[in-house]
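Breakdown of the fold
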Amino acid sequence: SYLNNYTSNSKSESNSALYETTLKKYEKKLQPKVTQVLMHADIFPDERKESFKNDYLTFVTNTVDDKKRILSTLLEIALIDPAYKNKLEEFYNANNATTKKFGTYWMEAINASANIAPSISLYMLNRKLFSSKQLSGKWILVDFWGTWCGPCREEHPDLQKFCDSIVVTKLENISLLTIACRDTEEKVLNYLHEKQLTFPVAMSDNRIEHAYAVQGYPAKMLITPEGKYITIPFGIDWLNFVKQYCD
């Protein structure tokens, strides 16, 4: 009902009171279900979607007295969309009386909400073994793709830039593995040579994509230094998602 009210009115100074009234009316139903509410916000075009999130966030921070409740809401939003991480950090630092640093709080929250990452042990095309266990303590971005996958191929220039600018310069913080699925080594090697791509590639063992419950391609998983993983939503700006999560 709140979403129907929101979409049926255009945003302007003249109806700002209507939005505040609508928010107050549905706030008790919305707040305990922030994840579901924000997922339903995808019915909006991008501009309206962000407006919806910002309106709801502004309402909660301005009208709710319970700071723990506000912090919980901000955290849940930031875990879904880390573009809001800075707002979370500002509120945390301004209102949190504990000695726990924000970075520690953020990592604890990520690991509490993430799933245990299945172990990855695959030989890459250069015949070196990639072992996620040996990379404990580092972030790992895992990308599942195939030469037959058009959307995968479209984002490979960005993946190469990520490898060159982020992974290579921050070897102590983050590692990258791409896994070619439903493919042959010959096709993968020819494709990499043709496109002049040098990011690390391993051939799937036909089990690892099932272990990570891959539903479609490309699929990206971000493994935390503590061995949990987050599925990066499809169709978002994954570069910024990874940077904001890992910073």
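Attention in this report is confined to the structure presented alongside it.

Reading guide: rules and limits
Just so you know, the residues in each chain are numbered from 1, in the order the chain's sequence is written. Only residues with pLDDT of 70 or above have their local features reported here, since the model is predicted, and side-chain atom pairs are shown and tallied only from 80 upward, although totals for entire chains, interfaces and linings are computed over all residues. The basis for every side-chain value is the complete set of heavy atoms in the structure, and neither hydrogens nor water enter the calculation. Buried and open spaces are told apart on a 1 Å grid over the protein atoms alone, a cavity being a set of points where a 1.4 Å probe fits but cannot get out and a pocket being an open set with protein on both sides within 12 Å along at least five of seven lines. Residues with an atom within 4 Å of a point are the lining residues. Grid points are joined across faces, edges and corners, and a volume is the space filled by probe spheres set on the points. Labels follow the DSSP assignment, with helices taken as runs of H or I lasting at least four residues and strands as runs of E lasting at least two, numbered in each case from the N terminus. Classification convention: Asp, Glu, Lys, Arg as charged; Ala, Val, Leu, Ile, Met, Phe, Trp, Tyr, Cys, Pro as nonpolar; all other residues, Gly among them, as polar. Multiplying 1.5 Å by the residue count of a helix minus one yields the expected span of that helix. Note on classification: 1.4 Å probe, protein chains only; a residue is buried when its accessible area is under 20% of the maximum for its type, exposed when over 50%, partly exposed between these limits. Throughout, a residue-residue contact means that at least one pair of heavy atoms, one from each residue, lies within 4.5 Å. Should a side-chain nitrogen of Lys or Arg be within 4 Å of a carboxyl oxygen of Asp or Glu, the pair is scored as a salt bridge. In short, DSSP must find at least two bridges between two strands for them to pair. To define axes, lines are fitted to C-alpha atoms, for helices over the stretch in contact only, and angles between the resulting N-to-C directions are given on a 0 to 180 degree scale.

With that settled, the discussion passes to the layout of surface pockets. When its volume is computed, the second largest pocket comes out at roughly 400 Å³. As for the second largest pocket, its lining consists of 23 residues, and the residues nearest its centre are Pro-218, Ala-219, Ile-232, Phe-234 and Gly-235. Put simply, the parts of the chain that give the lining of the second largest pocket at least two residues each are α8 (150–167), β7 (219–223), β8 (228–232) and α11 (238–246). Here the lining of the second largest pocket gets four residues from one element, more than from any other, and that element is α8. When the residues that make up the lining of the second largest pocket are grouped by side-chain class, the tally is 14 nonpolar, four polar and five charged.

Its 12 residues give helix α7 (residues 102–113) an end-to-end C-alpha distance of 17 Å, which sits within 8% of 16 Å, the value for a rise of 1.5 Å per residue. Every buried residue of α7 is accounted for by Phe-102, Tyr-105, Trp-106, Met-107, Ala-109, Ile-110 and Asn-111. The elements touched by buried residues of α7 are α5 (67–80), α6 (85–95), β4 (139–145), β8 and α11.

Our next topic: the environment of Leu-189. Mapped onto the elements, Leu-189 comes out in helix α9 (residues 185–195). Separated by 42 residues in sequence, Leu-189 and Thr-147 place their C-alpha atoms 9.8 Å apart.

What follows is about the environment of Ile-223. As for its placement among the helices and strands, Ile-223 is situated in strand β7. Assessed through its relative accessible area of 4%, Ile-223 is described here as buried. Put simply, Ile-223 and Ile-174 are 49 residues apart on the chain and 9.5 Å apart in space, counted from C-alpha to C-alpha. For Ile-223, the residues in contact, after removing those within four places along its chain, are Ala-117, Ile-120, Lys-138, Trp-139, Ile-140, Val-142, Tyr-212, Lys-228 and Tyr-229.

Using the criterion set out here, one finds six salt bridges in the structure. Arg-127 is the salt-bridge partner of Glu-185, the closest N and O atoms lying 2.7 Å from each other. In this pair, Glu-185 sits in helix α9 while Arg-127 sits in the loop between β2 (121–123) and β3 (129–131), placing the two residues 58 residues apart along the sequence. Arg-127 sits in the exposed class, given a relative accessible area of 54%. With a shortest N-O distance of 3.8 Å, Glu-194 and Lys-195 are connected by a salt bridge.

Next up on the list: the sheet that holds strand β5 (residues 174–180). On the basis of which strands lie adjacent, the open sheet formed by six strands has the order β1-β8-β7-β4-β5-β6 and mixed pairing. A strand with exactly one partner marks an edge of an open sheet, and here the two such strands are β1 (115–116) and β6 (201–203). Bridge count between β7 and β8: four bridges; the pairing is antiparallel. In the strand pairing of β8, Leu-222 is matched with Ile-230. Sheet strands touched by α8: β4, β5 and β7. Its angle to β5, the strand with the most contacts, is close to 155°. Along the sheet face, α9 touches β4, β5 and β6 and points at about 165° away from the line of β6.

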